[in-house]
Amino acid sequence: MSHVEDELNSQPACWARVAAEAVEHAGVLSAPGERVALVGCGTSSFMAQAAAALRERAGHGETDAYAASEFPRLRTYDRVVALTRSGTTTEVLDLLGVLRGRTRTTAITADPATPVMAAADDVVVLGFADEKSVVQTRFATTALTLLRAHFGLHSETAVADARTALEAPLPEGLLDSAQFTFLGRGWTVGLAHEAALKMREAALAWSEAYPAMEYRHGPISVTTRGTATWMFGEAPEGLAEQVRATGGTWVPGGLDPLAELVRAQRLAVAVAAARGLDPDRPRHLTRSVILDPNDR
C-alpha cells in the first residue's frame, strides 16, 4: 500500500479526533464578527476557499480566501488564518512576515519543528494528521474538519460517510475516462478544485473544476463519451440530464461533500495504478515548495 493510500484511509479517525478537539482551539481560530482571511498554497488554498464559504454560511462574518502569493496586502483583516501542512512553504512564511505586528495570524500546520511556529502569532498543530506523501489527503481534510467544527457545521454524518466512501466500490467505468470534471456550489467549489488537483497530481489525468452553474457556460463543450462529470453536493436542476445527453458519465454526489472528496482521492490512486504510476512519486512535485529568493 502506498503512503497516500494509507493516509487517505485514516481520514474518518482523524476527522472524529479533530472535531472532538476543536473547542480547545476556538480562541485562536476566529471569533464571530471578526473580518477574516484564510490563505494557503495548492491544496491548502482550496481548503481555505471551502472554509471561507462555510464561515460566512454559518453567520460568523465576512471571510475571504486567497492563495498566499495573491493576498491583497493593502486590505485589513482582524485575523488571517494560514493553512500549511509542512510549515515551510515560502509564500506562506513571507506573508506571515509581512503581517507580523499588523494583523493577528494563526497557522494550522502538521509539524511543530518548522519556521511557521515562530512566524505566526498563534499555531494549531495537527501532528496526528501529518503525512509522508507528497500528495495531500488527510491533513487537508482534517484541517477543514477542524474549521467546520469550529463554525458549528460538522456532524457525525461526515465521518460515517467517509467510511462509506472508503468501503463502497467506485462508480463503474471511471478508470477508463479520458477527462474528469468536478463541480461544486458554495463551499464545495473548493472541494471540486481539490479533487481535480488530486487527479492531476497522482494520476497525470486531464481534470478540471468549475462552479456548477458555470459549467454550461463553455466547459460542457468538451463533455462527450469517455468523459466524467462529478458533482459535489446538490446539482443544479437539469444539469445531470444535459451531461448525460452529451454521452458523458454523470457522477452524483450522494455523500457528505467532504466524503465525496475521499472518493475522488481513491479514484486518483486507482487511475494512477491503472496507468502504471506511483502516486507517492508525482511528477515534478515536492512535499513543500521552498523558493530561492530570486524565484519569488
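In this report, the structure presented in the accompanying data block is examined. Predicted, not measured: the structure shown is a model, and the values here were computed from it. (Residues numbered from 1 in each chain as written. Predicted model: local features only at pLDDT ≥ 70, side-chain atom pairs only at ≥ 80, totals over all residues. Heavy atoms only, no water.)

**Some remarks on the pairing of strand 2 (residues 63-67)**
- As paired elements, strand 1 (residues 36-40) and strand 2 share five bridges and run parallel to each other. Bridge assignment links L38 to a residue of strand 2, and that residue is A65.
- With respect to chirality, the unit in which strand 1 leads through helix 4 (residues 43-57) into the neighbouring parallel strand 2 is right-handed. (Pairing = 2+ DSSP bridges. Helix = DSSP H or I, 4+ residues; strand = E, 2+ residues; numbered from the N terminus. Right-handed = clockwise from strand over helix to strand, strands pointing away.)

**Description of helix 8 (residues 156-167)**
- Compared with an ideal rise of 1.5 Å per residue, which puts twelve residues at 16 Å, helix 8 spans 17 Å between its outermost C-alpha atoms and is within 8% of the ideal.
- Buried within helix 8 are the following residues: A158, V159, D161, A162, A165 and L166. On an axial view of helix 8, the arc spanned by its buried residues comes to 165 degrees, and they lie on one face. Relative to its buried face, helix 8 has exposed residues pointing more than 90 degrees away, namely E156 and E167.
- Contacts from the buried residues of helix 8 go to helix 1 (3-9), helix 2 (11-21), helix 7 (138-150) and helix 11 (257-274). (Expected span 1.5 Å × (residues − 1). Buried < 20%, exposed > 50% of the residue type's maximum accessible area, 1.4 Å probe, protein only. Arc of directions from axis to C-beta. Contact = heavy atoms within 4.5 Å.)

**Focus: helix 11**
- Given a rise of 1.5 Å per residue, 18 residues ought to cover 26 Å, and the 25 Å separating the end C-alpha atoms of helix 11 matches this to within 8%.
- A large share of helix 11 lies buried, amounting to 15 of its 18 residues.
- Capping the start of helix 11 is the job of one residue whose side-chain oxygen sits 3.0 Å from the backbone nitrogen of L258: D256.
- G276 occupies a position one or two residues after helix 11 and carries a positive phi of about 75 degrees. (Polar contact = N/O pair within 3.5 Å; in protein donor to acceptor, adjacent residues only side chain to side chain.)

**Examining the sheet that holds strand 8 (residues 227-231)**
- As summarised here, the arrangement of the four strands in space is 7-6-8-9, forming an open sheet in which the pairing is parallel. Looking at which strands have only one partner, the edges of the open sheet turn out to be strand 7 (207-211) and strand 9 (249-251). The mean inter-strand angle of the sheet, taken between neighbouring strand axes irrespective of direction, is 20 degrees.
- In this sheet, strand 9 lies alongside strand 8 in parallel orientation, the contact comprising three bridges. Residue W230 lies in a different strand from strand 9, and its bridge partner there is V251.
- Across the face of the sheet, helix 11 comes into contact with strand 6 (179-184), strand 8 and strand 9 while running at roughly 155 degrees to strand 8. (Axes fitted to C-alpha atoms, helices over the stretch in contact; angles between N-to-C directions.)

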